[in-house]
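# Notes for the structure review
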Amino acid sequence: MPRHDLNDLLAFVTVARERSFTRVAAKLGVSQSALSHTIRRLEERIGLRLLTRTTRSVSPTQAGDRLLQTVGPRFTEIEAEVAALSELRDKPAGTIRVTAGEHAANAILWPAFARILPNYPDIKVEISVDYGLTDIVAERYDAGVRLGEQIAKDMIAVRIGPDLRMAVVGSRSYFERRKRPQTPRDLTAHDCINLRLPTYGGLYAWEFEKAGREVKVHVEGQLVFNNIALRLNAALAGLGLAYLPEDQVQADIAAGRLVRVLADWCPPFSGYHFYYPSRRQSSPAFALLVDALRYRS
C-alpha cells in the first residue's frame, strides 16, 4: 500500500474519533482545507462517502464507521507498540489517560499520583472525571476506575482501595426541626439532596441493605447536583439530607457539624478497582502507576 494511503487512513481515523476537523488539523499540524482534501481524496479512491459533515458536527457514515472499526484498532496497536519502546529509556515515560468518578479521582488517584509523579517527570497523566460507565477502548483511555462489581469480565482489574460505605447525613440545625429517620422508607418524608447520574438516566435511587434485605429509595428535595462537594455543602447548610461516601463526611461528623443516620442500613461494599484491556501492552510507566495504586491492606 502506498504511504500516502496510510497517511490518509490515519487522518480519517483521527477525524472520525475526534468528530472535529478543527481539532485534528491542529493536532496534525495541517490546515483544515488540506485535511478536508485528504479525506475527500480517500473517499474518491474508495468510492464511498465516509464522513457526514455539517457546519456544527462531523460523524462517520455507515461505511465510515465500518472502516473505523476495522482499521482503528490497528493504529491503536501500532501506537501501543511504539509506546512500549520507552522500555529502552532510563526512566519510564509516556502519557496515560484514565477515566474515573469524582470520588475515586480525589480519594484514590490523586494521592497516589501526587506522591510518585515528582520522581518521574517524563510520565504524563490525564484524568477525566466522568460518572458514566465509559467504554475505555472506544474512548481510547488506557484504563478506568470502577467499583468491583461494575467491571466487565474481559478486563484486568487491580484493587486500588478498601471496601466503601455510604452515609446519610444532615446538619444539627436540620434535625432540630425534623425527626430522624429510623428506616430508609422514612426518607420519603424528608428533604433530600439528590444526585443525577448519566448512567441511570435520571436521579439516583439511594441504596440500602440490612440482614440480606435490599432497599432502594427514590428521594425528593429542592436540590439536585452531580458532584460530591455541592451535596456536602448543602447538607452542612441544613438544606437537607445527603447520601455520601463515608470517608467524605467523617471529619464533619467527628466535629459535630453533621449527624449520621441509618448507619445500620449502610454496610460495606466492594471498593474501587483499576481496570484495563487484557491485550494492553504494559509499558514501564503504566506498570509503575498500577503498582503505586495497588491496594495493600
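No experiment lies behind these values; they were computed from the predicted model shown. (Residues numbered from 1 in each chain as written. Predicted model: local features only at pLDDT ≥ 70, side-chain atom pairs only at ≥ 80, totals over all residues. Heavy atoms only, no water.)

For the rest of this paragraph, the subject is the nonpolar core. Within the largest apolar cluster, 25 residues are counted, with the highest numbers of intra-cluster contacts made by Leu109, Val145, Ile160, Tyr272, Phe274 and Leu293. Those elements that provide at least two residues to this core are β3 (94-100), α5 (102-116), β5 (143-147), β15 (272-277) and α9 (284-293). Those residues within four positions of leucine 109 in sequence are excluded, and the remaining contacts are Val98, Ala100, Ala104, Ile127, Val145, Ile160 and Leu293. Judged by nonpolar contacts, the second largest core, of 21 residues, contains Leu187, Val217, Val219 and Val259. (Core = buried A, V, L, I, M, F, W, Y, C linked by side-chain atoms within 4.5 Å. Buried < 20%, exposed > 50% of the residue type's maximum accessible area, 1.4 Å probe, protein only. Helix = DSSP H or I, 4+ residues; strand = E, 2+ residues; numbered from the N terminus. Contact = heavy atoms within 4.5 Å.)

As a further point, take the packing of helix α2 (residues 21-28) against helix α3 (residues 32-46). Put simply, α2 and α3 touch, their axes get as near as 9 Å, and they point 105° apart. By the criterion of interaxial angle, the relationship of α2 to α3 is roughly perpendicular. For the pair α2 and α3, the contacting residues are Phe21, Thr22, Val24, Ala25 and Leu28 in the first and Gln32, Leu35, Ser36 and Ile39 in the second. Here the residues of the contact of α2 with α3 are counted per class, giving 6 nonpolar, 3 polar and no charged. (Axes fitted to C-alpha atoms, helices over the stretch in contact; angles between N-to-C directions. Parallel < 35°, antiparallel > 145°, perpendicular 65-115°, else oblique. Nonpolar A, V, L, I, M, F, W, Y, C, P; charged D, E, K, R; others polar.)

Turning next to the pattern of salt bridges. Inspection of the entire model under this criterion finds 13 salt bridges. Salt-bridge contacts for aspartate 8 lead to arginine 45; the nearest nitrogen and oxygen are separated by 2.8 Å. Here the residue aspartate 8 occupies a position in helix α1 (residues 3-18), and arginine 45 occupies one in helix α3, the gap between them amounting to 37 residues. Classification of aspartate 8 as buried rests on a relative accessible area of 1%. (Salt bridge = Lys/Arg side-chain N within 4 Å of Asp/Glu carboxyl O.)

A few words now on the packing of aromatic side chains. A complete count under the given rule lists 7 aromatic pairs for this structure. Judged by centre distance (6.1 Å) and plane angle (35°), the ring pair of tyrosine 204 and tyrosine 243 falls under tilted. Taken together, the residues tyrosine 204 in the loop between β9 (202-203) and β10 (206-210) and tyrosine 243 in strand β13 (residues 242-245) connect sequence positions 39 residues apart. Of the two residues, tyrosine 204 and tyrosine 243, neither departs from the other in class, the shared state being buried. Their ring planes at 15° and their centres at 5.2 Å tell us that tryptophan 206 and tyrosine 243 sit as a pair that is stacked. Here the residue tryptophan 206 occupies a position in strand β10, and tyrosine 243 occupies one in strand β13, the gap between them amounting to 37 residues. Neither tryptophan 206 nor tyrosine 243 differs from the other in exposure class; each is buried. Put simply, the rings of Tyr204, Trp206, Phe208 and Tyr243 pair up and form one aromatic cluster. Against the face of tyrosine 141 rests arginine 97, its NZ or CZ located 4.2 Å from the ring centre. If you follow arginine 180 out to its NZ or CZ, it ends over the ring of phenylalanine 175, 5.5 Å from the centre. (Phe/Tyr/Trp six-rings, centres within 6.5 Å; stacked < 30°, edge-to-face > 60°. Lys NZ or Arg CZ within 6 Å of the ring centre and 35° of its normal.)

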